Structure formats: structure tokens, C-alpha cells
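What the coordinates show
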Amino acid sequence: MKNIAIADVRNFVLMGHTGSGKTALTDAFMFKMGMNDRLGSSDDGSSISDWDDDEKERKISILAKPFDGTFKTKGGKTTRMVFIDTPGYADFYGQVVAASAVADAGLVVIDAASGIQVGTNRGWRRCEDLNLPRGIVITGLDKDNTNFEETLQAIQDVWGSRCVPVVLPTADGGVCDVLSSADVPADVAERVEELKGSLVESAAETDDALIEKYLGGESLTAEEISNGLKGAVNAGLLVPVFVVMAKKDMGVDELLDGISRLFPSPCEREAKDADGEVVDCKPEAPMIAKVWRSVNDPFVGQLTFLRIYGGTLKSDSEILNVTEDQKERYGSVYLIRGKKQEGIEEAHAGDIVAIAKLKHTAINDTLGAMGSKRQMPAIAFPNPVMSYAVTAKTQGDEDKLGTALTRIADDDPTLSVVRNTETHEMIMSGMGDVHLDVTVKRLKRAHVEVNLSTPKVAYKETVTSMGEGHYKHKKQSGGRGQYGEVYLRVEPKQPDEEEWFVNNIVGGSIPSGFIPAIQKGLHSGMAKGAVAGYPVNNVKISVYDGSYHDVDSSEIAFKIAGERAMREGMRNAKPVLLEPIMTVKVMVPEHFMGDITGDLNHKRGRILGMGAEDGMQVITAEVPQAEMFQYCSQLRSMTGGRGSFEMEQARYETVPANVAQKIIAAAEKEKEDEE
Ligand SMILES: Nc1nc2c(ncn2[C@@H]2O[C@H](COP(=O)(O)OP(=O)(O)OP(=O)(O)O)[C@@H](O)[C@H]2O)c(=O)[nH]1
Ligand SMILES: [Mg+2]
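Residues numbered from 1 in each chain as written. Chains lettered and ligands numbered in written order. Predicted model: local features only at pLDDT ≥ 70, side-chain atom pairs only at ≥ 80, totals over all residues. Heavy atoms only, no water.

1. Concerning the domain arrangement of the chain
In terms of domains, the chain is made up of domain 1 (6-185 + 237-268), domain 2 (288-368), domain 3 (386-453), domain 4 (461-573) and domain 5 (578-658). Relative placement of domain 2 and domain 3: their C-alpha centres are 27 Å apart. Every contact between the two is made by five residues of domain 2 and, on the other side, four residues of domain 3. Summed over the three residues of domain 2 that lose the most area to domain 3, namely Ser 294, Asn 296 and Ile 363, the buried surface amounts to 85% of that side. At the junction of domain 2 with domain 3, the criterion picks out three residue pairs in polar contact (both at pLDDT 80 or more). Among the elements that line the side of domain 2 that touches domain 3, the one with the most residues is strand S10 (residues 288-297), at three residues. (Domains from an automatic or database assignment. Contact = heavy atoms within 4.5 Å. Buried area = accessible area lost by both parts, 1.4 Å probe. Polar contact = N/O pair within 3.5 Å; in protein donor to acceptor, adjacent residues only side chain to side chain. Helix = DSSP H or I, 4+ residues; strand = E, 2+ residues; numbered from the N terminus.)

Next up, the structure:
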């Protein structure tokens, strides 16, 4: 790879709906470029890309995987192709987010038999967000009931006339390159001429001098057309449409040729650091790279995947993790070909490579030359939308579970693992059932078997009026007795009040030395709750009277008296339960609006607003968390996978009395079961 100039490198990401043929294309590319001696297939487990156990079992891609090869174009130029195969399945969208953040172009794959699908739209929107130059590949034209022109029309209806075919299918089952085919079959001759005209126009439009020449009736040279088209693709004015039948090796050459001619090189797309400064894309510039993926490889150990934006990364050296301010040592620099790695001496700006055995480096960290302070912007990953409480099947495996799960989450930016300090559960959150199921399988391979359950809601208790509480703790058992009596008032704490505890004892009815013991009792009572066993929040407690005994009073006696008086006070102060309320943003096609709002109302939700965004309807609502644990699956089944949602906690609110009764009854039953 050493002798391939950066101008001849193409980094791109394959994206599209699940089953559209991205992995089949990956296998075809690698076979075509001589990087695999046979044409692999995900159908029989021989794919160069879908090799993971879960991928083979489910016959879908799960991880984003880079591949590296060289292709000799028709013009005799050697281009280095670095591309990333991504999963189309919604649960693994985080992989698409990471891969697209480090690519210079996107290749959106569409199966002609299915047309534009949810996953196609997701990929397209990601390209739009990143301003990523892109092309479209139509696959599946060998399937029954498919029609190229109809599929193209559907594409142009949605994304406009900037989507122009550069390859056409021919009547004999082959393909024809619009711009460079020497031998145009008769059935497409007319269409080729028409398309050539519109492509030349697109090329001319990127450059004032060219458009003058073109309008003046002069013909443009092949090089002018080529450069003009590349400029148009880079500016998003042209989206070339290709045709491939990967399994029949039809259109693969034309596609790679087109990518070489039309997609930008790493230097033609400006990269900016976190401060918005342009990064100098030269091998001699200071080294700067971003970590977009990491994986624990069974043979190599921890592998960290980088995109280098500037400078040179030599093997067997030291670098700085700028984000963590930590020095790191590493051995080889690797080119990645799916499962295989090839060690190389050095990598340069524009390269997507991996290094092994970094100790302090995680996804989104910036690596740089020693002493460097410059950072690349972080990739914004989607927030997890589905959670389960997770426990080890075997008692005593809890520590092992924590370690194994954290390790998996380190390499998976859309998996979060937190211990809820209120419910004391370990909560695993991800992008959907399949994502979490895959995680459970990975845990099993790490020898930890787990049970999943719906997480507990972290309810809280509080009061809505003032209540009196009193308890006299008096015990005479053999020798020294126990004595302590406390009178107190419980009331709501106002937002401007700082102190939750007020000592209103006058005349020494309780000696001040026992006050801390009473406070301890109140703390313990507040943690246990008085209504349904949930922690007490936002109350003010004033201790105003009591009595003591010279000999029998003790700290423990006052602690018990405080706790019990507080429980009585709470019950007299019109207690209520509070529950977490989530702000939920649901995005669906318009005709689902009625079903979605009806369902949200049924979930005790409050609709805050509706509007349109990117051709989708967006509903914002506030819904109790207790109603949302299954929403990810429910929304998918209501919308056939076309809906998506985001949510975050907004605040706590009072649980309505009818719902609270059920929660209290459940808490009482749980307590009885424990006893
Ligand atoms: N007939 C036909 N089948 C194809 C074509 N391309 C892919 N397939 C088949 O379609 C199925 C799905 O292909 P994949 O390449 O695994 O799809 P993918 O886009 O990688 O799917 P995900 O990894 O789930 O996102 C496989 O059975 C392929 O053999 C094509 O052009 N024609
Ligand atoms: Mg795939």
C-alpha cells in the first residue's frame, strides 16, 4: 500500500436496509480485488464479512467491518479501496453511525425487489446529517418482478433528479457503463446518449469556466467531465446510481471503477477538529487520529480502529491519547480485511487502520503526536431505548457479570450498563431486543449466564400536607432499660428551604446530645419509606418535644423513636408516591399519527406537541417511565419498523391514586413474601 498516493485512496461506507445486499457486495469486492480466492456468501456462512457466530446464526451483519484492497481501473490506475460493511438492522444503527463518521462517502444499497425501506432512509438521513457525498447501488435486478426504471423513478421521486444512473442494466442480463462503455448495446443506446447529456451538464455546472464552454457549444474533454462529476458528487449535487448483481459478478467492475472516478479522496473532503480548525491532511503534518471502533480479538487482543486525519503513524511506537492525556505503546499497524489483519510499517493521513493492545483508549478518543492537545469531534451515538435488569443465574457470579458486561459495553457505544443506586439493580440498556439478546449470548460465551427482567421503577415517596408523629420507645428487659420519646411534624419541604431537619426542642425535653441519634433514625426511616417502601424525598421534619430518662435513655432508643415517629408523621401528612416522567420524542410516517397518539394517551402520556421533521411526523410527549419499558418493541410492531423514538428523564411527578394503590399493594405483597 506504501506506493499508493492519498489522492488514489477511496474510503466509503456501505449502508442500507437489512437484506439489501451490502455483505454480498463486500464479498464481491474482495473477490474482485483478489483479496479472497473465492466468492464468499452469507447464505452458507462463507462470507468474508459475516463471520461472527451471531451473524452466521441470524444471517444478518451485526458489526461494522472495514476492508482494504486495491483495484485497477479501466484506465490502468490503481486505487486503494477502503470500505466498511455495516449492519442494516435497526438495533445495530450505532455501527452505521460510527462507520459513516470516518468515511469520505456513502454507498446506499437498495434492493430493487423492495425499493426504499426504513433502513435505506436511515442511511440516507445519516449521509445528509454528515454532508457525506454518496452514490446509490441498485441490487436484486435478477429477481422476479423487478424493473430498473421503476426503481430509479421511486428513488428520484424521493431524492430528486440529482440521482442519475451511471450504469444501466441491459436486456441480456448484463450492464453498460454510461460514460465509458466502448460497446453500447442497442437496447440502451438511446438512454445512454440521453444520460450522457445530463451527466455532462452536471459536470459543467460545478465550474463557471466549464459551463461557459459547454453553453458555447464546445465539447468537454473526458478529464474535464470526470473532474466536474467528481466535484458534483463531492458537493452533493450529483448522486450516481449504479447497478450490481453481486452474485453473478455483474456490475462490480463498473461500480469500483465509478467509485475510483467519482468519489472524493480523503484530502478532497475537509476534516475539522473539535474547535472547527481544518486538519492538514498531509503525511508530514502532526499525527491526529480518531478511534471509531474497538474489539477484543481472540488472537490479537484489544484492537483499536482508527481513522487518521493528519500525519503518519509508524509501527512499534508511542502515541498520546489526547482525550485521556495518557501515553500509549503499540506494536504493529494493521490494515484490516474483515477477520484478517496485515501488519504494515506505517499508515498515513486518510487511512483507516487498527493498532493493538492499547490500555487506556476507548471509542471516540483522539490519538495524537506526543505533546499534542488537539482533539477530533466526538461521534454522537444514539441513546439506548430499551432496558432490562440483569442478574447472574448462578449466585456468586455477580462480580463476573459486572466485569464481563462492562467489557462488552466498552466496545459497544450503544450499550450502557449502570447500577441504579435507588433500586439496586444492574440495568443493561440497548437499541432493541435483538441487540440485548446478542449481548446476552456474548455474556454466555464469557461464561456468565444471566436472567433478564423488567427494571423496577425508582418510585419515591413524599407528603402533601403536615402530619404529626409520636413514638415512645420504652423497654424494660432485665438490667438497664431503653427509653426515648419523640414528637415531630412532617411537612413538604419548600423549594427555598435548605434544611430538611429542624430542632425545635425547648426547655431540654430531649438533651441535645441525643439529637444526632434521632436524625440517624429519621435518615433510616426516609430510606425505607413509609407507604410502599420507597425512599422519601422532599420532606421537612421538625422535632419539637419528647422526654428522656436519666439512666435508660440511649442513642439506640432515640434512633428507634425517631424512625417510628417519622413513619407515623408521614402517614398523617397525606403521603403520595412520585414516579419518573420521561420526555419522549416519537418519529413516524404521518398515517401512523392516530395510532401513536392514542397509544401514548393510553399510557397515561401527555402530548406536548406535534410537527414535521425530515418528512416524518414528530410527536413530543411526557409519559411515565413505568409505561415505557416495552415501547421499543411496541412502536416497531405498530409501525412495521418505520417509527423510532428517543427519551430522557424529565422529572418526578405524583402517581395518580388508582395507580398508587396497585403499587402499594404490590409492595405489601412483596414484603409479606419476604417475611
Ligand atoms: N437475487 C439476489 N440476491 C441477492 C443479491 N444481493 C444479495 N442477495 C441475497 O440477499 C440476502 C441478503 O444479502 P446480504 O448481503 O447479507 O444483505 P445485507 O445488506 O448485508 O443485510 P444486513 O447485513 O442484515 O444489513 C442474501 O441471501 C444474499 O445472497 C442480488 O443482487 N440478487
Ligand atoms: Mg450484511
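Moving on from the coordinates now.
2. A short note on the packing of aromatic side chains
In this structure the tally under the stated criterion is 13 aromatic pairs. Here the aromatic rings of Trp 292 and Phe 305 are separated by 5.8 Å at their centres, their planes lie at 75°, and the arrangement is edge-to-face. A residue pair is termed long-range when its members are at least 10 positions apart, and Trp 292 in strand S10 and Phe 305 in strand S11 (residues 301-310) qualify at 13 residues. A residue is classified by how much of its surface remains accessible, and Phe 305, at 3% relative accessible area, is buried. Both rings, one in Tyr 459 and one in Tyr 534, keep their centres 5.2 Å apart while their planes meet at 70°; by these two values the pair is edge-to-face. Taken together, the positions of Tyr 459 in the loop between strand S23 (450-453) and strand S24 (460-463) and Tyr 534 in the loop between helix H12 (515-528) and strand S28 (539-547) put the pair 75 residues apart, joining distant regions of the chain. On the basis of relative accessibility, which here comes to 21%, the residue Tyr 534 falls in the partly exposed class. Among the aromatic residues, those joined into a cluster by ring pairs are Phe 12, Phe 29, Phe 67, Phe 83 and Phe 263. (Phe/Tyr/Trp six-rings, centres within 6.5 Å; stacked < 30°, edge-to-face > 60°. Buried < 20%, exposed > 50% of the residue type's maximum accessible area, 1.4 Å probe, protein only.)

3. Quick look at the coordination of the magnesium ion (ligand 2)
Taken together, Thr 23 (OG1) and Ser 61 (OG) make up the protein donors of the magnesium ion (ligand 2), found 2.0 Å from the metal. Pair noted here: Thr 23 is in helix H1 (residues 22-32) and Ser 61 is in the loop between helix H2 (53-58) and strand S2 (65-72), with a separation of 38 residues, a long-range link. Exposure remark for Thr 23: the relative accessible area of 8% places this residue in the buried category. Owing to a relative accessible area of 8%, Ser 61 belongs among the buried residues under this scheme. (Donors = N, O, S within 2.8 Å, 3.2 Å for Na, K, Ca; no water.)

4. A short note on the environment of Thr 583
Tracing the backbone shows Thr 583 in strand S29 (residues 575-588). Thr 583 sits 41 residues away from Pro 624 along the chain, and the two C-alpha atoms are 8.8 Å apart. Discounting residues that sit within four places of it in the chain, Thr 583 has contacts with Thr 620, Ala 621, Glu 622, Glu 646, Met 647, Glu 648 and Ala 650.

5. So, the site of ligand 1
By nearness alone, 19 residues border ligand 1, and Thr 18, Ala 24, Asp 43, Ser 61 and Gly 88 come closest of all. Lys 247 has a polar side-chain atom sitting 2.9 Å from an oxygen atom of ligand 1. Contact with the protein chains hides 85% of the accessible area of ligand 1, taken as 650 Å² for the molecule alone. Of all the elements, H1 adds the most residues to the shell around ligand 1, at three residues. (Near = heavy atom within 4 Å. Areas by Shrake-Rupley, 256 points an atom, 1.4 Å probe, with all protein chains shown as cover.)

6. Structural notes on the pairing of strand S13 (residues 317-321)
In this sheet, strand S14 (residues 326-330) lies alongside S13 in antiparallel orientation, the contact comprising five bridges. Counted as the bridge partner of Asn 321 is Gln 326 from S14. Connecting S13 to the antiparallel partner S14 that follows it, the hairpin turn spans four residues, and Asp 325 within it adopts a positive phi of roughly 50°. Examined bridge by bridge, S13 and strand S19 (residues 366-368) share two bridges and lie antiparallel to one another. Counted as the bridge partner of Leu 320 is Gly 368 from S19. (Pairing = 2+ DSSP bridges.)

7. Looking at a negative patch on the surface
Together, Glu 668, Glu 670, Glu 672, Glu 674 and Glu 675 give the surface a local cluster of negative charge. Relative to the assigned elements, Glu 674 resides in helix H16 (residues 657-674). (Patch = residues over 30% accessible without salt bridge, like charges linked within 9 Å, V, L, I, M, F, W, Y side chains within 5 Å. Salt bridge = Lys/Arg side-chain N within 4 Å of Asp/Glu carboxyl O. Lys, Arg positive; Asp, Glu negative; His and termini not counted. Charge placed at Lys NZ, Arg CZ, Asp CG, Glu CD.)

8. Considerations on H1
Burial runs high along H1: eight of the 11 residues are buried. Of all the positions in H1, only Lys 22, Thr 23, Leu 25, Thr 26, Asp 27, Ala 28, Phe 29 and Met 30 are classed as buried. Taken from the residues just after H1, Gly 34 is the one with a positive phi, measuring 75°.

9. Some thoughts on the sheet that holds strand S21 (residues 416-419)
Within a sheet, each strand pairs with its neighbour through backbone hydrogen bonds, oriented either parallel or antiparallel. As summarised here, the arrangement of the four strands in space is S21-S22-S20-S23, forming an open sheet in which the pairing is antiparallel. One side of each edge strand has no neighbouring strand; the edge strands of this open sheet are S21 and S23. Put simply, the sheet's adjacent strands are angled 35° from each other on average, direction ignored. Bridge analysis of strand S20 (residues 386-392) against S23 gives four bridges, and the strand direction is antiparallel. (Axes fitted to C-alpha atoms, helices over the stretch in contact; angles between N-to-C directions.)

10. Quick notes on the sheet that holds S19
One open sheet accounts for eight strands, arranged S14-S13-S19-S10-S11-S18-S15-S16; its pairing is antiparallel. The sheet is open, and its two borders are formed by S14 and strand S16 (340-344), each paired with just one other strand. Averaged over all pairs of adjacent strands, the angle between strand axes in this sheet comes to 40°, irrespective of strand direction. Sheet topology note: the strand S15 (residues 333-337)/S16 ladder contains five bridges and is antiparallel. In the strand pairing of S16, Leu 335 is matched with Glu 342.

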